[in-house]
Amino acid sequence: MITSSFSGDIINASLRQLGASSIKEIRNGILYIAKFELSEELCVTYVFNVTKRNRYFLQRVTPYPISHGDFTSAQEVVEFIRKDIQKFRNAQNSHNFPKFLDTTNAMVLFSHAVELLFLERNVTPEDLDSIYQTIQDGLHRIKDIHDRAPKVEK
């Protein structure tokens with residue numbers, strides 16, 4: 001259930017090679033926090049833990065929180081982070097990057113607002129349908145933009 005010190009060493013060494021500015025191992029190798037200071041303005045932070053099934057559950061917590069799910073090995077976690085960090089290094093050069101961060105943070109606020117609405121209020125079926133349709137419209141618009149926007153070159 002607890003990762004071996006060998007697995008912990010692999011994680012630490014691999015993330016350091018990727019440029020992690022700090023790696024904290026918490027609870028005897030069950031929980032890790034890895035920070036990457038990509039610039040003065042951008043820190044990308046990941047939290048991952050070892051589940052009871054010896055799988056790794058990964059979340060990015062900054063610059064905006066998003067869950068990335070289960071991985072079967074430390075190597076898979078490191079590879080995902082490597083690719084993700086590369087994408088952020090590239091994206092931070094875009095003049096749209098600050099607006100992107102504002103947009104993603106607004107989505108997080110929206111998600112929390114929807115959750116509180118439904119946990120704390122009796123929402124009518126009509127209002128629920130309206131919110132659902134608004135979300136579906138937004139997803140369709142994102143797909144349309146995705147299909148017509150040029151792919152970022154590596």
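It should be emphasised that the depicted structure is a prediction, and the values quoted were computed from it without experimental measurement. (Residues numbered from 1 in each chain as written. Predicted model: local features only at pLDDT ≥ 70, side-chain atom pairs only at ≥ 80, totals over all residues. Heavy atoms only, no water.)

K.L.:
Can you lay out the overall build of the chain for me, pointing to particular residues and giving the numbers?
P.N.:
Check the secondary structure of the chain and you find four helices and five strands. In sequence order, the secondary structure elements of the chain are arranged as α-β-β-β-β-β-α-α-α. By its C-alpha atoms, the chain is 55 × 40 × 25 Å across when sized along the principal axes. Within the chain, the proportion of its 154 residues that are buried is 28%. (Helix = DSSP H or I, 4+ residues; strand = E, 2+ residues; numbered from the N terminus. Buried < 20%, exposed > 50% of the residue type's maximum accessible area, 1.4 Å probe, protein only.)

K.L.:
So what's going on with the layout of surface pockets? Residues and values would help.
P.N.:
Roughly 1,600 Å³ of volume is contained in the largest pocket. Every element with two or more residues in the lining of the largest pocket is listed here: helix 2 (74-91), helix 3 (97-120) and helix 4 (125-148). The greatest single-element share of the lining of the largest pocket, amounting to eight residues, is contributed by helix 2. Approximately 240 Å³ is the volume attributed to the second largest pocket. Surrounding the second largest pocket, Arg-60, Tyr-64, Pro-65, Ile-66, His-68, Thr-104, Met-107, Val-108, Ser-111, His-112 and Glu-115 form its lining. (1 Å grid on protein atoms, 1.4 Å probe; cavity = no way out; pocket = protein on both sides within 12 Å on 5 of 7 lines; lining within 4 Å. Points joined across faces, edges and corners; volume = space filled by probe spheres on them.)

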